[in-house]
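Architecture and fold: a report
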Amino acid sequence: MAEKRDYYEVLGVAKSASDDEIKKAFRKLAVKHHPDKEGGDEAKFKEINEAYEVLKDKQKRARYDQFGHAGVGGANGYSGSPFEGFGGQGQNIHFDFGGGGFGDLGDIFSSFFGGNQRGARQQNRGRDVETAVNLTFEEAIFGTDKKISLNLNAICDYCKGSGAEPKFGTKTCSTCQGSGQEVKVINSLFGPIQQAQTCHSCRGRGKIPEKRCTACGGDGIKREKQDITVKIPAGVDEGSAIRLNGRGEALAGGTNGDLYVAIHVQPHKKFTREGDLILSEETISMIDAALGCEIEVDTVDGPLVMKIPAGTQPGTDFKLSSHGVPHLRGDGRGAQIITIRVETPTNLSRKQRDLLEQFDGAKKRRLFN
């Protein structure tokens, strides 16, 4: 995998560039390389956009300046999801791109250019199914197995999908004469056009049972509950979708559709995620910040002790390598970025106030650096 270029180099600006200079550089390059423009370059456009998304954000830019690409979730050269996301959150929701509306219009135009191949595929394939699973933050980080139960169309065990009562055969469909298709004439902008559709009598099989199966009514399929185990890979994120080939609904005489499992990740009370980074905060006293200390910090791997150097300022970030999100497209893990917050006391005793005033006076007399 190619090594990522420096984000400042990508935008052609200096590391000291102002926000306005970064914005102007991005706009100029985005217009030049936009993929919809003649001579555009999609790869460069994506690189420019990625650089700008980091450098326009003060917090991300500060982490990038301190830790490089590892500080903004891009150490593995890939910051997106390996799965294509899709809409919808319900259980057992079907989506089928065949049928009426604009799908018919698309079939009409496709018939002018080599035939309706998409329609043919749909006729011999069961419907795709969409469902969703909820994961804890840790399950998304480390991966897990999830069991789901769905009511799906399956091949009828009694007739083995033929639709005919056992010991009875099938005969040629009289509606389509065995072709599996009916031809309809529709009016279009170009005049009457013939369009082939799946035969409603035999449902594209070309044959009908001599006696319909008493278990499935001649459909060759029946509704049944199916228990499915979904393997969730380590590092998935909210909005991802996992595709299970052939685990959708069955179609007599055809192949099964696919099952799409949407991923929803519950928020964590301590951690947030940014690409392959895990972000968290720890609070220390101003005395510990001034003198330095060791603190116990939480990670997804369990607690560990981290050294805070003397003179640590509020908002300082510390990086714990290999304590972030596993790389979905490669080995290793991202980092955990811990931001230090310094607690300022609000209820000081008189003695504490005197000590702080003495310290402040000594500092003003330049007895301290």
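Residues numbered from 1 in each chain as written. Predicted model: local features only at pLDDT ≥ 70, side-chain atom pairs only at ≥ 80, totals over all residues. Heavy atoms only, no water.

1. A few points about the pairing of strand β16 (residues 336-343)
Put simply, side chains in a regular strand alternate between the two faces of the sheet. Cut-off, in case you're wondering: In short, DSSP must find at least two bridges between two strands for them to pair. In DSSP terms, a helix is any run of H or I states spanning at least four residues, a strand is any run of E spanning at least two, and both are numbered starting from the N terminus.
Alignment of strand β12 (residues 277-285) against β16, held across eight bridges, turns out to be parallel. Bridging from a neighbouring strand, L279 pairs with I337 of β16. The pairing of strand β15 (residues 317-320) with β16 spans four bridges and is classified as antiparallel. Each bridged residue has a counterpart across the sheet, and for L320 the counterpart in β16 is Q336.

2. Regarding the state of the cysteines
For clarity, the threshold we go by: Cysteine sulfur atoms that pair up within 2.5 Å are treated as a disulfide.
Under the counting rule described, the total for this entry stands at zero disulfides. Not part of a disulfide, C156 finds its nearest cysteine sulfur in C159, a span of 3.8 Å. Free cysteine: C202, not disulfide-bonded; nearest cysteine sulfur from C176 at 3.6 Å.

3. A word on the layout of surface pockets
Applied cut-off: Space inside and on the surface of the protein is sampled on a 1 Å grid over the protein atoms alone, with a cavity defined as a set of points where a 1.4 Å probe fits but cannot get out and a pocket as an open set with protein on both sides within 12 Å along at least 5 of 7 lines; lining residues have an atom within 4 Å of a point. Grid points are joined across faces, edges and corners, and a volume is the space filled by probe spheres set on the points. Ten residue types, Ala, Val, Leu, Ile, Met, Phe, Trp, Tyr, Cys and Pro, are classed as nonpolar, four, Asp, Glu, Lys and Arg, as charged, and the remainder, Gly among them, as polar.
There is about 590 Å³ of room inside the second largest pocket. Around the second largest pocket, the lining is made up of 20 residues, and of these M286, I287, A290, L356 and F359 lie nearest the centre. When residues of the lining of the second largest pocket are traced back to their parent elements, those giving at least two are α8 (286-291), β16 and α9 (350-364). Split into classes, the residues belonging to the lining of the second largest pocket amount to twelve nonpolar, six polar and two charged.

4. Observations regarding the nonpolar core
Convention followed: What is meant by a nonpolar core is a set of buried Ala, Val, Leu, Ile, Met, Phe, Trp, Tyr and Cys residues, joined one to another through side-chain atoms within 4.5 Å. For the exposure calls, accessible area comes from a 1.4 Å probe over protein chains only, and a residue counts as buried if that area is under 20% of its type's maximum, exposed if over 50%, partly exposed in between. Whether two residues touch is decided by their heavy atoms; if any such pair falls within 4.5 Å, the residues are in contact.
Among the nonpolar cores identified, the biggest contains 18 residues, and Y7, L11, V13, I22, L55 and Y64 are the most heavily contacted of them. Where this core is concerned, the elements lending two or more residues are α1 (7-11), α2 (19-33) and α3 (42-55). Residue contacts for Y64: discarding those within four places in its chain leaves R5, D6, Y7, Y8, V54, L55, H69 and V72. Residues V129, V133, I228 and L259 belong to the second largest nonpolar core, which totals 17 residues.

5. Section: the sheet that holds β15
The pairing of strands in a sheet happens through backbone hydrogen bonds and is either parallel or antiparallel. Definition in use: Fitted lines through C-alpha atoms give the axes, limited to the stretch in contact for helices. The angle between two N-to-C directions lies from 0 to 180 degrees.
Strand order across the open sheet formed by four strands is β11-β12-β16-β15, with mixed pairing between neighbours. With one partner strand each, in any of the chains shown, β11 (272-274) and β15 form the two edges of the open sheet. Averaged over all neighbouring strand pairs, the angle between strand axes comes to 35°, with direction disregarded. Most of the contacts of helix α4 (residues 58-67) go to β15, to which it runs at about 55°, and overall it touches β11, β12, β15 and β16.

6. Regarding the packing of α3 against α4
For clarity, the threshold we go by: These descriptions rest on fixed angle ranges, namely under 35 degrees for roughly parallel, over 145 for roughly antiparallel, 65 to 115 for roughly perpendicular, and the rest for oblique.
Look at α3 against α4: their axes get within 6 Å of each other, and the N-to-C directions meet at 105°. Relative to α4, α3 is oriented roughly perpendicular. Where α3 approaches α4, its residues E53, V54 and L55 are matched on the opposing element by K60, R61 and Y64.

7. What to know about the packing of aromatic side chains
Our working definition: Pairing of aromatic rings covers Phe, Tyr and Trp, the last counted by its six-membered ring, and requires centre-to-centre distances within 6.5 Å; plane angles under 30 degrees mean stacked, over 60 mean edge-to-face, and any other angle means tilted.
The full count for this structure, using the stated rule, is four aromatic pairs. Chaining the aromatic ring pairs together yields one cluster made of Y7, Y8 and Y64.

8. Observations concerning α3
Condition: Expected span of a helix, by definition, is 1.5 Å for each gap between consecutive residues, and there is one gap fewer than residues. Along the arc lie the directions from the helix axis toward the C-beta atoms. Pairs of N or O atoms within 3.5 Å make up the polar contacts considered here, provided that, within protein, one atom can donate a hydrogen while the other can accept it, and that residues adjacent in sequence are counted only when both atoms are side-chain atoms.
Compared with the 20 Å implied by 1.5 Å per residue over 14 residues, the 20 Å span of α3 between its first and last C-alpha is a close match. Taken as a whole, α3 has its buried residues at I48, A51, Y52, V54 and L55. For α3, the angular spread of buried residues about the axis comes to 165°, placing them on one side. Away from the buried face of α3 by more than 90 degrees, exposed residues A43 and K46 are located. For α3, the secondary structure elements touched by its buried residues are α1, α2 and α4. The N-cap of α3, judged by a side-chain oxygen 3.1 Å from the amide nitrogen of A43 a few residues on, is D41.

9. Overview of a positive patch on the surface
For clarity, the cut-off: Residues enter patches when their relative accessible area tops 30% and they take part in no salt bridge; the joining distance is 9 Å for like charges and 5 Å for the nonpolar side chains Val, Leu, Ile, Met, Phe, Trp and Tyr. In short, Shrake-Rupley with a 1.4 Å probe defines the accessible areas, and a residue's cover is counted only from the protein chains shown. A pair is scored as a salt bridge if a Lys or Arg side-chain nitrogen falls within 4 Å of a carboxyl oxygen belonging to Asp or Glu. Charge counting treats Lys and Arg as positive and Asp and Glu as negative, with His and both chain ends excluded. Charge positions are represented by NZ for Lys, CZ for Arg, CG for Asp and CD for Glu.
Taken together, the side chains of K28, K32, K37 and K44 define a basic patch exposed on the protein surface. By the secondary structure assignment, K28 is in helix α2.

10. What to know about the pattern of salt bridges
Enumeration according to the criterion identifies 19 salt bridges in this entry. Between R127 and E249 there is a salt bridge, with the nearest N and O atoms lying 3.4 Å from each other. Taken together, the residues R127 in the loop between α6 (117-123) and β2 (128-135) and E249 in the loop between β9 (241-244) and β10 (259-265) connect sequence positions 122 residues apart. A residue is classified by how much of its surface remains accessible, and R127, at 37% relative accessible area, is partly exposed. For E249, a relative accessible area of 1% gives the class buried. Put simply, D258 and R243 hold a salt bridge, and the shortest N to O gap is 2.7 Å. In this pair, D258 is assigned in the loop between β9 and β10 and R243 in strand β9, connecting sequence segments 15 residues apart. D258 gets classed as buried once you look at its relative accessible area, which sits at 5%. The exposure class assigned to R243 is partly exposed, which follows from its relative accessible area of 48%. Among the ionic contacts, a cluster of salt bridges with common partners joins R125, D128, R243 and D258.

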